[in-house]
Amino acid sequence: MTTLWVRHGTSLDGITRPHAHARPDTPLSARGAAQIAATAHALRDRGVQPAIVLTSPHPRAATSAEILAALLGVPLAAPNPLYAEWRAPDCVLGKGPDDYPAEYRTWRTDRLRDPDSALAGGESLTALYERATAASAILGHAGEGSTALIVSHRMLIGAVAAITAGASRPQDVFQAARRFTLAPAGIWPALAELR
């Protein structure tokens, strides 16, 4: 089975707070809906006909998945928290680097030494690693020779990419995920890598 990961389209926070940690409930923007529609057309033009679309429960991803499923005419699975974005601590949601509180700045410098640590509402690096490992392995929805689309978020897709490339420590997976780039509505692996 082929698995294609699709980053959600641009969210409202992505437009109004581009350098901030996106809030979980931020919706997909009109720009993001257009980006996802273009991705659906690109998939169709390449002859990619997924068996199913899976998605994160965050509105920006769930709405992106709804658009993909509708335009491609394929089933949409119920949202699954396994595909959610890395949970940044509550104290930084909607805030950019200039507004980070002292407790977050301190934790940020220590998190690589203690990957099991987390601040209130946040997810530890170990928890992200374990979830990304499970997310990359749990694809019983589609049969052999078929394709599944998973609509998710840059950090989780980056963590899956890091694990696929052989990273095996939570710290290494997190660092690779932070550096991972994928445009809104982008596909990983790239369609060019499929054939």
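Look up a bit, the structure's there.
All values reported here derive from a predicted model rather than from experimental measurement.

**Q** How would you sum up the nonpolar core? Please name residues and give values.
**A** Within the largest apolar cluster, 34 residues are counted, with the highest numbers of intra-cluster contacts made by Trp5, Leu54, Tyr83, Trp86, Tyr104 and Trp188. Put simply, the parts of the chain that give this core at least two residues each are strand 2 (52-55), helix 4 (102-110), helix 5 (125-137), strand 3 (147-152), helix 6 (154-164) and helix 7 (170-179). If you look at the next biggest cluster of nonpolar residues, it comprises 18 residues, including Val6, Ala40, Val48 and Val53.

**Q** Tell me about the pairing of strand 1 (residues 2-7), residues and numbers included.
**A** Pairing between strand 1 and strand 3: 6 bridges, direction parallel. From the neighbouring strand, Leu4 faces strand 3, where its bridge partner is Leu149. Looking at chain direction, strand 1 and strand 4 (residues 187-188) are connected through 2 bridges and run antiparallel. Paired with Val6 across the bridge in strand 4 is Ile187.

**Q** So, helix 7: which residues are in play, and what are the values?
**A** By the burial criterion, the buried members of helix 7 are Pro170, Gln171, Val173, Phe174 and Ala177. One face of helix 7 carries all of its buried residues, which in axial projection span an arc of 165°. Where helix 7 is buried, its residues touch helix 5 and helix 6.

**Q** A description of the pattern of salt bridges should follow, citing residues and the corresponding values.
**A** Here the structure, examined in full by the defined rule, presents 6 salt bridges. With a shortest N-O distance of 2.5 Å, Arg23 and Asp13 are connected by a salt bridge. Highlighted residues: Arg23 in the loop between helix 1 (12-16) and helix 2 (30-45) and Asp13 in helix 1, separated in sequence by 10 residues. The exposure class of Asp13 is buried, given its relative accessible area of 2%. Within the structure, one salt-bridge network assembled from shared partners comprises Asp13, Arg17 and Arg23.

What counts, and where the lines are drawn
- Residues numbered from 1 in each chain as written.
- Predicted model: local features only at pLDDT ≥ 70, side-chain atom pairs only at ≥ 80, totals over all residues.
- Heavy atoms only, no water.
- Core = buried A, V, L, I, M, F, W, Y, C linked by side-chain atoms within 4.5 Å.
- Buried < 20%, exposed > 50% of the residue type's maximum accessible area, 1.4 Å probe, protein only.
- Helix = DSSP H or I, 4+ residues; strand = E, 2+ residues; numbered from the N terminus.
- Pairing = 2+ DSSP bridges.
- Arc of directions from axis to C-beta.
- Contact = heavy atoms within 4.5 Å.
- Salt bridge = Lys/Arg side-chain N within 4 Å of Asp/Glu carboxyl O.

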